Amino acid sequence: MRALGLDPVHDTRRTFDGLLEAMSRPGTVHAVPAPADHAVVATLVDHEVTLATDDETLRAALSEQGRLTRAPYGEADIVHAREHTDWDVRDCKRGSLTEPSDGATVVYRVETLDDDADGGTTLGLSGPGVDGTTTLSVALPEAELSALAATHSDYPRGVDAIFATEDRVAALPRSVPMEVV
Amino acid sequence: MNDLPTQRSRERVTMTEHTTTDDVLPDEGTPVATDSVDAALESLDSDGLEGYNYAYLDEHTKREVRRSVLKAVAIPGHQVPYASRPMPLARGWGTGGIQASLSILGPEDTFKVIDQGADESINAANIRRLAENTADVPTTTDTTEADLIQSRHRIPEEVLTDEQRLVLQVPITDALRTVDPSDAANRRRHAHKNYGKMWVHLYENVVEYGEIKISSRYPTMVAGRYLMDPSPIPRWDVPKLDHADHLTVLAAGREARLYAVPPHTEVEPLAFDDRQFTVERFPEQACHACGSTDTYLVEVSEEATEDGDNAFETRYACNDASFCAKRRKNPDLPKDHHLEEAVDWGPGTPDAPTDDAGTPVEQGGAGE
């Protein structure tokens with residue numbers, strides 16, 4: 001993914017390392033190569049999965065390598081959202097009871113995370129990966145995070161979320177109960 | 001179809017031409033171009049690694065494994081399918097674990113591989129060497145120094161921390177396979193959290209033996225939702241997964257599935273209120289090498305040297321070879337010696353009250 005300024009081997013590995021930590025310890029924030037949202041998509045997406053994004057640069061870079069299969073927001077395996085616009089995260093794929101892992105992964109590009117999330121929404125988290133309880137602040141409207149929480153209502157079906165700032169990521173897997181505090 | 005005979009006859013002609021050229025030396029035979037031989041010899045010098053991607057797997061394979069690992073972490077205990085590529089050893093010899101490890105490893109990670117507790121078994125040594133050669137990682141046999149530990153059928157005796165990751169090799173992914181060979185039926189059971197058939201199996205165990213006699217692959221609930229096969233680790237190791245500080249990824253190459261237990265996740269072995277989960281018991285036994293009584297021991301049958309009547313004698317030895325070596329130098333070394341705070345880790349941690357690993361059931365029988 002040199003078109004995106006990322007090393008195809010080591011930057012994606014570092015991104016995965018950050019993602020794996022973020023996903024297994026919800027509420028924690030981890031450094032990844034910049035720009036983080038592009039790095040996450042480049043780490044996860046190829047022709048075997050479908051992608052929904054309005055990011056021209058990303059589309060061009062993936063398409064160049066034959067790795068882009070596009071799908072509408074409601075059908076894509078991986079959804080990349082720079083600014084939340086006209087689609088609803090509740091319409092994203094949630095997988096089936098026999099294969100819940102078919103549920104979508106939504107990558108939100110956000111301005112700030114955690115400590116520096118001024119004016120963001122703070123979430124209280126508990127459950128797998130969280131030692132007791134913890135909080136995570138995300139620069140997204142409360143309505144958006146409530147909609148995300150709604151996708152977890154029939155666990156194990158659901159949507160997993162990744163939040164990416166310029167160079168850091170955090171994640172909210174569907175297994176983690178959350179509430180806006 | 002018509003091309004075939006023509007091609008063959010043309011080949012025959014060329015062959016005949018060859019033998020009649022002037023290159024034939026009367027005594028020393030036909031000189032042969034040795035380009036291919038030279039290339040083969042050169043590739044030996046470079047360990048045959050030229051042309052391979054970093055960490056052996058191509059990026060496409062790694063992306064696929066990584067996607068599945070993230071989904072597995074997001075749905076603790078659920079078996080996520082993945083492609084399971086051909087590896088340079090047969091499926092069933094740790095290929096799932098290798099694919100997971102190589103997708104995670106980076107040059108700053110230190111890698112440890114154990115096979116049934118031993119670092120030096122040929123399988124472990126070869127997997128370590130593959131990672132060393134292709135992923136350019138330092139390797140270790142010291143549990144406390146490793147960032148990533150790939151293991152076959154054991155969790156180390158020393159406490160794993162939140163900076164470590166554990167990859168377990170898995171031969172059979174589904175705990176329900178024991179009670180129903182049908183994978184389709186078992187997937188439906190997992191979908192609806194219908195584990196009645198396993199409860200009946202455990203009940204029958206109690207009726208027959210007075211306690212639950214499952215020596216390894218003990219059926220375990222993860223985060224209160226999925227029944228998981230924790231791989232053939234002994235019962236001794238199962239409690240270590242409960243609210244652990246480390247991430248555990250379980251990967252099966254042959255069955256092409258992987259699943260995970262995130263840190264701080266509830267892992268509960270199935271049991272009844274009046275027949276509780278018990279770990280293996282080694283009454284009156286200690287490791288013959290280091291004297292440990294709080295580690296998982298295995299029986300070692302050795303040829304007796306002096307006593308002529310008994311051809312063999314049975315001794316007990318620590319299964320975790322690297323910790324045993326440390327204990328031989330320092331017999332009082334606790335399992336959490338590398339941590340600032342005392343951690344309750346598995347059965348019989350020294351600073352915990354040692355009531356024979358907290359086993360409430362009184363029936364005898366030391367393992368199987």
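Naming follows an unreviewed UniProt entry, where chain B appears as Carbon-phosphorus lyase complex subunit PhnJ of Natrinema versiforme JCM 10478.

In the nomenclature of an unreviewed UniProt entry, chain A corresponds to Phosphonate metabolism protein PhnH from the organism Natrinema versiforme JCM 10478.

Trainee: Before we go on, may I ask you to explain the overall build of chain A in this structure?
Mentor: Looking only at helices and strands, one finds four helices and nine strands in chain A. Taken from the N to the C terminus, the helices and strands of chain A come in the order α-β-α-β-α-β-β-β-β-α-β-β-β. Long-range contacts, defined here as pairs at least 24 residues apart, represent 63% of the contacts in chain A between residues at least 6 apart. Of the roughly 6800 Å² of accessible surface on chain A, 45% is carried by carbon and sulfur atoms.

Trainee: Sorry if this is basic, but what is going on with the overall build of chain B here?
Mentor: The secondary structure content of chain B amounts to eight helices and 11 strands. With 368 residues in all, chain B has 49% of them scored as buried. Sequence-distant contacts, at least 24 apart, represent 61% of the contacts inside chain B between residues at least 6 apart.

Trainee: Where do I start with the side chain of Arg189 of chain B in this structure?
Mentor: Residues and elements named next belong to chain B. Mapped onto the elements of the fold, Arg189 is located in helix H6 (residues 183-191). Its relative accessible area of 14% is what places Arg189 among the buried residues. Not counting residues within four places of it along the chain, the set of residues in contact with Arg189 comprises Leu176, Asp180, Asn194, Tyr195 and Lys197.

Trainee: Got a minute to help me understand the sheet that holds strand S2 (residues 51-52) of chain A in this structure?
Mentor: Within a sheet, neighbouring strands are paired by backbone hydrogen bonds and run either parallel or antiparallel to one another. Residues and elements named next belong to chain A. Across the sheet, six strands lie side by side as S1-S8-S7-S4-S3-S2; this open sheet has mixed pairing. Each edge of the open sheet carries a strand with a single partner, namely strand S1 (30-31) and S2. Summarising the sheet, strand S4 (residues 105-109) and strand S7 (residues 160-164) pair through five bridges and their orientation is parallel. Bridge pairing in S7 links Val107 to Ile162.

Trainee: For this particular structure, what's the right way to read the interface of chain B and chain A?
Mentor: The accessible area lost on association of the parts is a frequent measure of interface size. Counting from both sides, the interface comprises 43 residues of chain B and, opposite them, 42 residues of chain A. Both faces combined, the contact of chain B with chain A buries some 3400 Å², and carbon together with sulfur accounts for 58% of it. It is Arg67, Leu70 and Lys71 of chain B in chain B that bury the most area against chain A; as a group they hold 19% of the surface buried on that side. Our count for the contact surface shared by chain B and chain A stands at nine salt bridges. A salt bridge links Glu48 of chain A to Arg85 of chain B; the shortest N-O distance between them is 3.8 Å. On the surface where chain B and chain A come into contact, there are 17 residue pairs in polar contact (both at pLDDT 80 or more). Within the residue set of the side of chain B that touches chain A, elements represented by two or more residues are helix H3 (59-74), strand S1 (80-81), helix H4 (95-104) and H6 of chain B. For the side of chain B that touches chain A, the leading source of residues is H3 of chain B, giving 12 residues.

Trainee: Even after reading the chapter, I still don't get the packing of aromatic side chains, so can you show me in this structure?
Mentor: Residues and elements named next belong to chain B. Within this structure, the stated rule accounts for nine aromatic pairs over all chains. Measuring from ring centre to ring centre gives 5.9 Å for Trp236 and Phe282, while their planes differ by 55°; the resulting arrangement is tilted. Taken together, the residues span a long stretch of sequence, with Trp236 in the loop between strand S6 (226-228) and strand S7 (247-252) and Phe282 in the loop between strand S9 (267-269) and strand S10 (297-303) at a distance of 46 residues. Overall, Trp236 belongs to the buried group, its relative accessible area being 3%. Aromatic side chains Trp236 and Tyr296 sit 6.1 Å apart centroid to centroid with 50° between the ring planes, which places their arrangement in the tilted category. Here Trp236 is found in the loop between S6 and S7, whereas its partner Tyr296 is found in the loop between S9 and S10, with 60 residues between them in sequence. There is no split in this pair, since Trp236 and Tyr296 are both buried. Ring pairing ties together the aromatic residues Trp236, Phe282, Tyr296 and Tyr316, which thus form one cluster.

Trainee: Explain a nonpolar patch on the surface here, please?
Mentor: A cluster of nonpolar side chains, namely Val37, Leu41 and Leu44 of chain B, defines an oily patch on the protein surface of about 290 Å² accessible area. The topology assignment puts Leu44 of chain B in helix H2 (residues 35-45).

Trainee: How should a negative patch on the surface be read in this particular structure?
Mentor: All names here are of chain B. On the surface, Asp35, Asp38, Glu42, Asp45 and Glu50 cluster together into a patch of negative charge. In this fold, Asp38 is placed in helix H2. Judged by relative accessible area, Asp38 falls into the partly exposed class, the value being 37%.

Trainee: How should I be thinking about the nonpolar core in this particular structure?
Mentor: Generally speaking, nonpolar side chains in soluble globular proteins are found buried as a group. Ranked by internal contacts, the top residues of the largest apolar core, which has 107 residues, are Val169 of chain A together with Leu102 of chain B. A domain-level breakdown of this core finds at least three residues from each of domain 1 (59-269) and domain 2 (281-330) of chain B. For Leu102 of chain B, the residues in contact, after removing those within four places along its chain, are Ala55, Tyr56, Leu57, Lys62, Met87, Leu130, Ala131, Thr134 and Ala135 of chain B. Counting residues in hydrophobic clusters, the runner-up holds 29 residues, among them Ala52, Ala104, Leu136 and Ala170 of chain A.

Trainee: Please explain the pairing of strand S3 (residues 148-152) of chain B as it appears in this structure.
Mentor: A regular strand places its side chains on the two faces of the sheet in alternate fashion. Residue and element names in this part refer to chain B. Most of S3 sits out of view: four of its five residues are buried. One ladder, built from five bridges, connects strand S2 (residues 111-115) with S3; its direction is parallel. Pairing of Phe111 across the sheet is with Leu148, part of S3. Judged from the four bridges that link them, S3 and strand S4 (residues 165-169) form a sheet pairing that is parallel. Looking at the pairing, Ser151 lines up with Leu168 of S4.

Conventions used here
Residues numbered from 1 in each chain as written. Chains lettered and ligands numbered in written order. Predicted model: local features only at pLDDT ≥ 70, side-chain atom pairs only at ≥ 80, totals over all residues. Heavy atoms only, no water. Helix = DSSP H or I, 4+ residues; strand = E, 2+ residues; numbered from the N terminus. Contact = heavy atoms within 4.5 Å. Areas by Shrake-Rupley, 256 points an atom, 1.4 Å probe, with all protein chains shown as cover. Buried < 20%, exposed > 50% of the residue type's maximum accessible area, 1.4 Å probe, protein only. Pairing = 2+ DSSP bridges. Buried area = accessible area lost by both parts, 1.4 Å probe. Salt bridge = Lys/Arg side-chain N within 4 Å of Asp/Glu carboxyl O. Polar contact = N/O pair within 3.5 Å; in protein donor to acceptor, adjacent residues only side chain to side chain. Phe/Tyr/Trp six-rings, centres within 6.5 Å; stacked < 30°, edge-to-face > 60°. Patch = residues over 30% accessible without salt bridge, like charges linked within 9 Å, V, L, I, M, F, W, Y side chains within 5 Å. Lys, Arg positive; Asp, Glu negative; His and termini not counted. Charge placed at Lys NZ, Arg CZ, Asp CG, Glu CD. Core = buried A, V, L, I, M, F, W, Y, C linked by side-chain atoms within 4.5 Å. Domains from an automatic or database assignment.

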